[in-house]
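What follows is each chain in one-letter form.
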Amino acid sequence: MDIQQLKRKAISQPLVEHIYTADPSAHVFNGKIFIYPSHDVESNIPFDDLGSHFAMEDYHVLSMEDPGAKAVDHGCALHLSEVPWASQQLWAPDAAEKDGNYYLFFPAKDKEGVFRIGVAVSESPVGPFTAQPEPINNSFSIDPAVFKDSDGSYYMYFGGIWGGQLQRWRTGQFKAEGEGPFAHLPADMEPALCPKVARLRDDLLEFTELPRDLQILDEKGRPILEGDKDRRFFEASWMHTYKGKYYFSYSTGDTHFICYAIGDSPYGPFTYTGRILEPVIGWTSHHSICEFNGKWYLFYHDSSLSEGVTHLRSVKVTELNHDENGRIQTIDPYSK
Ligand code: FUB
């Protein structure tokens, strides 16, 4: 199927077309939808498996009165030049609200080229946000997703392999040697690397604990293996709850699926359950799941607007359904 055909048959259209946006983290604050995406730009940096061509420099927040409404771009909410510790690559962010303040969580490379996760604060959900002077202590890698549990605790899920550097932290220390994206990865028969979870401090500016592994198990209770590329964790963590269960969802990266696993606690373990989203146009897939007025929605991205340019993506939304057993019905982003 060529790109024009796929574009015509896409089940959803970009929420905005005047800028490229990706990695949408959607939340409902005060009855309105706010979307915290990456802001994709043309960097003219050659493609590589470390994602060097994803050279984003700022964040814009989008808002919508409801999932069918026109999205409003609230302009630049935070720029790389305003983050004292960061040097490059503002990748997938997320946001949380607490006591009337809004917190933007974001990964960026520090001055040594190591991905860390920072936080910036605002009194408004659309910013402008003021960055903390340093990244979160003991943070590393990419793709923070912050989840508020029903008891008022906040947890951060994060991590991403290859360019996201998670494999370099296997020993607890950053392994600088081996620039390639595949150095330090487990062998195919070893358990895949786990995403990380840490509870946030009451002020949401630091972790209360060292990050823990989030186990993703198969149907027999065994860890998903590195060689199980269709199911193993790659990046793009998200957490939602449905009927008392915790749903951890993520991207499988080089096999391009958004999958999910179900557990009984925010720390897991989680059992692999199925696919949420089939591959989109473009290499990356990254999503969020949010409830609005009793219906569930999947926010995701694809590269249809740029006609397949992997680092020029557009945020979209479509309805998501859990069946009577709590299983999520797989979404094909392009109708047959
Ligand atoms: O947008 C840059 C990176 O691409 C994100 O951090 C990953 O999740 C992937 O979408």
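Just so you know, these numbers come straight off a predicted model, no measurement behind them.

Q: Describe the overall build of the protein, naming the residues involved and giving the relevant values.
A: For the protein, the helix and strand inventory stands at one helix and 21 strands. Each principal axis of the C-alpha atoms in the protein carries an extent, and together these give about 45 × 45 × 45 Å. In the protein, which comprises 336 residues, the proportion classed as buried is 59%. Looking at the protein alone, contacts between residues at least 24 apart form 54% of all its contacts between residues at least 6 apart. When the accessible surface of the protein is summed, it comes to about 13600 Å², and 48% of that surface belongs to carbon and sulfur atoms.

Q: Report on the site of the ligand, specifying residues and quantitative values.
A: In the neighbourhood of the ligand, the contacting residues comprise Asp-23, Ser-38, Met-56, Trp-91, Ala-92, Asp-143, Glu-235, Thr-284, His-286, His-301 and Arg-313. In this structure, Ala-92 approaches the ligand through a main-chain N or O atom, which is 3.5 Å from an oxygen atom. A total of 270 Å² of accessible area belongs to the ligand in isolation, and the protein chains cover 98% of it.

Q: I'd like a rundown of the sheet that holds strand β19 (residues 288-292), residues and numbers included.
A: Reading across the sheet, the three strands line up as β19-β20-β21 and stay open at both edges, with antiparallel pairing between neighbours. The sheet terminates laterally at β19 and β21 (314-320), the two strands that pair on one side only. On average, adjacent strands in this sheet sit at an angle of 30° to one another, irrespective of strand direction. Taken together, the five bridges between β19 and strand β20 (residues 295-302) define a ladder with antiparallel strand orientation. Paired with Phe-292 across the two strands is Lys-295, which belongs to β20.

Q: Talk me through the side chain of Ser-306; I want residue IDs and the actual numbers.
A: With respect to the helices and strands, the residue Ser-306 is situated in the loop between β20 and β21. Here Ser-303 takes part through its backbone oxygen, which lies 3.3 Å from a polar atom of the side chain of Ser-306. Among the polar contacts made by the side chain of Ser-306, one reaches the main-chain amide nitrogen of Val-309 at a distance of 3.1 Å.

Q: Quick one: what's the story with the packing of aromatic side chains, residue by residue and with numbers?
A: All chains considered together, the criterion is met by 25 aromatic pairs. Through a chain of ring-to-ring contacts, three or more aromatic side chains come together here, namely Phe-140, Phe-158, Trp-169, Phe-174 and Phe-207. Taking the ring centre of Tyr-267 as reference, the NZ or CZ of Arg-212 above it sits at 3.7 Å. Taking the ring centre of Phe-257 as reference, the NZ or CZ of Arg-275 above it sits at 3.5 Å.

Q: Let's hear about unusual backbone geometry: which residues, and what values?
A: Here the amide bond leading from Gly-127 into Pro-128 is cis, since omega sits at 5°, within 30 degrees of zero. Relative to the assigned elements, Pro-128 resides in the loop between β8 (115-122) and β9 (130-131). Residue Pro-269 follows Gly-268 across a cis peptide bond; omega there is 5°. Non-glycine residue Gln-165 carries a positive phi angle of around 70°. Within the secondary structure layout, Gln-165 lies in the loop between β11 (154-158) and β12 (196-199). Although it is not a glycine, Asn-293 sits at a positive phi angle of roughly 50°. Relative to the assigned elements, Asn-293 resides in the loop between β19 and β20. Judged by relative accessible area, which is 70%, Asn-293 ranks as exposed.

Definitions and limits used
Residues numbered from 1 in each chain as written. Predicted model: local features only at pLDDT ≥ 70, side-chain atom pairs only at ≥ 80, totals over all residues. Heavy atoms only, no water. Helix = DSSP H or I, 4+ residues; strand = E, 2+ residues; numbered from the N terminus. Buried < 20%, exposed > 50% of the residue type's maximum accessible area, 1.4 Å probe, protein only. Contact = heavy atoms within 4.5 Å. Areas by Shrake-Rupley, 256 points an atom, 1.4 Å probe, with all protein chains shown as cover. Near = heavy atom within 4 Å. Polar contact = N/O pair within 3.5 Å; in protein donor to acceptor, adjacent residues only side chain to side chain. Pairing = 2+ DSSP bridges. Axes fitted to C-alpha atoms, helices over the stretch in contact; angles between N-to-C directions. Phe/Tyr/Trp six-rings, centres within 6.5 Å; stacked < 30°, edge-to-face > 60°. Lys NZ or Arg CZ within 6 Å of the ring centre and 35° of its normal.

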